[in-house]
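Residue strings, one per chain:
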Amino acid sequence: MTDRPRSPRLSDAGSPSDADGQRDPITGFLNRDAGLLAAQRAVADASARHAPLAALWLDIDRFRQINDSFGHPGGDSVIVRIAERIRDSAHPGCDLLRMGSDEFVALVPGCDRPSAEAMARRLLEAIELPMPIDKILVRPSASVGIALLQQDEDASRLLERADRAMIEAKRQGGNRLVVSACGRLSGRLGIQLAREELAIEGALHAALESGGLQLAYQPIIGIDGRVEAVEALMRCHALGMLIPPEKFIPVAEKTGLIVRLGEWSLLQGAHCAASLRRQGHATRVAINVSRAQLTSPTFLQALHGALICANTAAEQIELELTESLFMDLSATVQANLRGAREAGVALAIDDFGTGYSSLANLKDLPATKLKFDRAFIGVLPDDRRAFAIVKAMTLLAHDLGMLVVAEGVENTEQRAACIAAGVDATQGYCNARPMPEAALLQWMKTREGQ
Ligand code: C2E
Ligand code: MG
Ligand code: MG
């Protein structure tokens, strides 16, 4: 860092007061608009002096998971504490900007490449320190992209390069820094991703209008051979494409379309449960539910509406929710969970082991079933540590009165390990792949005849 006279800066006054509406209220950093103006000023200043200027773009890794696990208040408190760490590790003369929910920029005047890299390393080390939230020790990390001002470059170009370098740091696995290459860029990954999301959003609307949505059903089989339940998994065919759920569910969640999709799957799933009952099977249908659905005050109405329309008993339906949703303390989510249980609908903790759930909280959850994520099952039988966790957690879940399911069981060795660990049921390609409703009804019939 070269010495330069310090000009008064918007962000280093240290005062949280924000008479001009320029500061982000949570962190006290400059908000996006004020930050862009500060970047223009910094670039003009550096260009006039022929002095170096570095932009460090920092994004918290897996922030969505943190938000999902602790809810927005928890997410906000992580942001506040990370902002403090950034403030403590950043050079005192720099401008600090909050560009988006978990994205920050430091504009460092007089900073050359070695100094910028040293500051990025300090930031990464400070952010990495364990952080207690709700009795859980979270270990956050971040990705940092560095861009150094080039000749004739404007502020938006400088920030764009820093952003792109940050995306590259994420692509390489996160918790690292990447320095932007010099030279002009062709296209921008962010723009490409945004376009892809728009295309998926269009396809989802088309699918809703033209009947391109279907539910596929995958049996969950008890170790006694009984079909314990079938899980309804959404499929989207539109504009000549089959879009996988990992692509369209996040877009549906972002755009709010998930509420309509969710209501549709509740109704279809309830109809399938009625068809199964007519064929003589008391099997439950498990339906996946997203956060946006459960935070809606109309969720219970949609659930009851689906049960009435399909003439299905509540006991034939089960809702699959990620563990973070059970930890959500918001009154609406709690009321929706309670209302569903009181109506007789079973609740399952889906993808268990992938969020930050606390064992202390497990005892209070109104769940009736625990589903181990396939990350634990795919490594069996070789990974003895994963086996030990599955075994111990199964014991605990049983003591709490929950049934335990292993997801993603692909072969007989994995199934044998799951049974040895004490799980009650398995789901996976080893038993059956997800299939359309007609195929499921046929599959159940054939199975019964055996
Ligand atoms: P999930 O609820 O954990 O569903 C299980 C996923 O594992 C399904 O992926 C299923 O096809 C896949 N699977 C089953 N057996 C095996 C196996 O042996 N090996 C492997 N590798 N995978 C297996 P799918 O259908 O692609 O769904 C992905 C995720 O999308 C679901 O994970 C769920 O979180 C979400 N999803 C699907 N349908 C819906 C829906 O209607 N609403 C909501 N909110 N989310 C949904
Ligand atoms: Mg599921
Ligand atoms: Mg799952």
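Residues numbered from 1 in each chain as written. Chains lettered and ligands numbered in written order. Predicted model: local features only at pLDDT ≥ 70, side-chain atom pairs only at ≥ 80, totals over all residues. Heavy atoms only, no water.

A.B. asks: Got a minute to help me understand the coordination of the magnesium ion (ligand 3) in this structure?
C.D. replies: The textbook angles at a metal center are 109.5 degrees for a tetrahedron of four donors and 90 or 180 degrees for an octahedron of six. Within the first shell, the magnesium ion (ligand 3) binds the protein through D350 (OD), D351 (OD), E407 (OE) and E407 (OE), at distances of 2.0 to 2.5 Å. Taken as a pair, the magnesium ion (ligand 3) and the magnesium ion (ligand 2) show a spacing of 3.9 Å, with D350 coordinating each metal. One end of the pair, D350, is in strand β13 (residues 346-352); the other, E407, is in the loop between β15 (403-406) and α15 (412-421), and 57 residues separate them in sequence. Neither D350 nor E407 differs from the other in exposure class; each is buried. (Donors = N, O, S within 2.8 Å, 3.2 Å for Na, K, Ca; no water. Helix = DSSP H or I, 4+ residues; strand = E, 2+ residues; numbered from the N terminus. Buried < 20%, exposed > 50% of the residue type's maximum accessible area, 1.4 Å probe, protein only.)

A.B. asks: In this structure, what is going on with the site of ligand 1? I would like to understand it.
C.D. replies: With respect to spatial proximity, 23 residues lie near ligand 1, and among them E231, R235, S290, E410 and Y429 are the closest. The contact in question runs from an oxygen atom of ligand 1 to an N or O atom on the side chain of N288, over 2.9 Å. In the model, a nitrogen atom of ligand 1 is placed 2.8 Å from a nitrogen or oxygen of the S290 side chain. In the complex, 84% of the free accessible area of ligand 1, which totals 800 Å², lies under the protein chains. Mapped onto the shell around ligand 1, the elements with two or more residues apiece are β9 (227-238), α6 (245-255) and β13. In terms of residue count, β9 provides more of the shell around ligand 1 than any other element does, 4 residues in total. Classifying every residue of the shell around ligand 1 gives 8 nonpolar, 6 polar and 9 charged. (Near = heavy atom within 4 Å. Polar contact = N/O pair within 3.5 Å; in protein donor to acceptor, adjacent residues only side chain to side chain. Areas by Shrake-Rupley, 256 points an atom, 1.4 Å probe, with all protein chains shown as cover. Nonpolar A, V, L, I, M, F, W, Y, C, P; charged D, E, K, R; others polar.)

A.B. asks: What exactly am I supposed to notice about the coordination of the magnesium ion (ligand 2) here?
C.D. replies: Coordination of the magnesium ion (ligand 2) by the protein comes from E231 (OE), N288 (OD1), E320 (OE) and D350 (OD), over a distance range of 2.0 to 2.3 Å. Here the donor residues of the magnesium ion (ligand 2) share one chain and are spaced in sequence as E-x56-N-x31-E-x29-D. According to the relative accessible area criterion, E231 is buried, its value standing at 3%.

A.B. asks: Teacher, can you tell me more about the side chain of N336 here?
C.D. replies: With respect to the helices, strands and loops of the structure, N336 is situated in helix α11 (residues 331-343). The class for N336 is buried, based on a relative accessible area of 4%. Setting aside anything within four residues of it in sequence, one finds N336 in contact with Q293, L294, S296, F299 and L300. (Contact = heavy atoms within 4.5 Å.)

A.B. asks: Help me out: how do you make sense of the side chain of E320 in this one?
C.D. replies: Note on placement: E320 falls in strand β12 (residues 317-322). Ignoring anything within four residues of it in the chain, the contact list for E320 reads I220, E231, A286, I287, N288, V289, A348, D350 and K371.

A.B. asks: Honestly, the pairing of β15 in this entry has me stumped. Any pointers?
C.D. replies: Regular strands place side chains that alternate from one sheet face to the opposite one. The pairing of strand β14 (residues 369-372) with β15 spans 4 bridges and is parallel. Across the sheet, residue K371 finds its bridge partner in β15, namely V405. Two strands pair when backbone bridges link them, and β15 and strand β16 (residues 425-426) are joined in this way by 2 bridges, in the parallel orientation. Within the sheet, the bridge partner assigned to V405 lies in β16 and is A425. (Pairing = 2+ DSSP bridges.)

A.B. asks: Explain the sheet that holds strand β7 (residues 176-179) here, please?
C.D. replies: Sheet strands associate in pairs through backbone hydrogen bonding, adopting either a parallel or an antiparallel arrangement. Read across the open sheet, the 5 strands follow the order β2-β3-β1-β6-β7; overall the sheet is mixed. A strand with exactly one partner marks an edge of an open sheet, and here the two such strands are β2 (95-100) and β7. Strand-to-strand twist in this sheet, taken as the mean axis angle between neighbours without regard to direction, amounts to 20 degrees. Across 4 bridges, the pairing between strand β6 (residues 142-148) and β7 is parallel. Within β7, the residue paired with V144 across the bridge is L177. In the packing of helix α1 (residues 32-49) onto the sheet, the strands contacted are β1 (53-60), β2 and β3 (103-109), and the crossing angle to β2 comes to about 135 degrees. Each of β1, β3, β6 and β7 touches helix α3 (residues 113-128); the most contacted strand, β6, lies at about 165 degrees to it. (Axes fitted to C-alpha atoms, helices over the stretch in contact; angles between N-to-C directions.)

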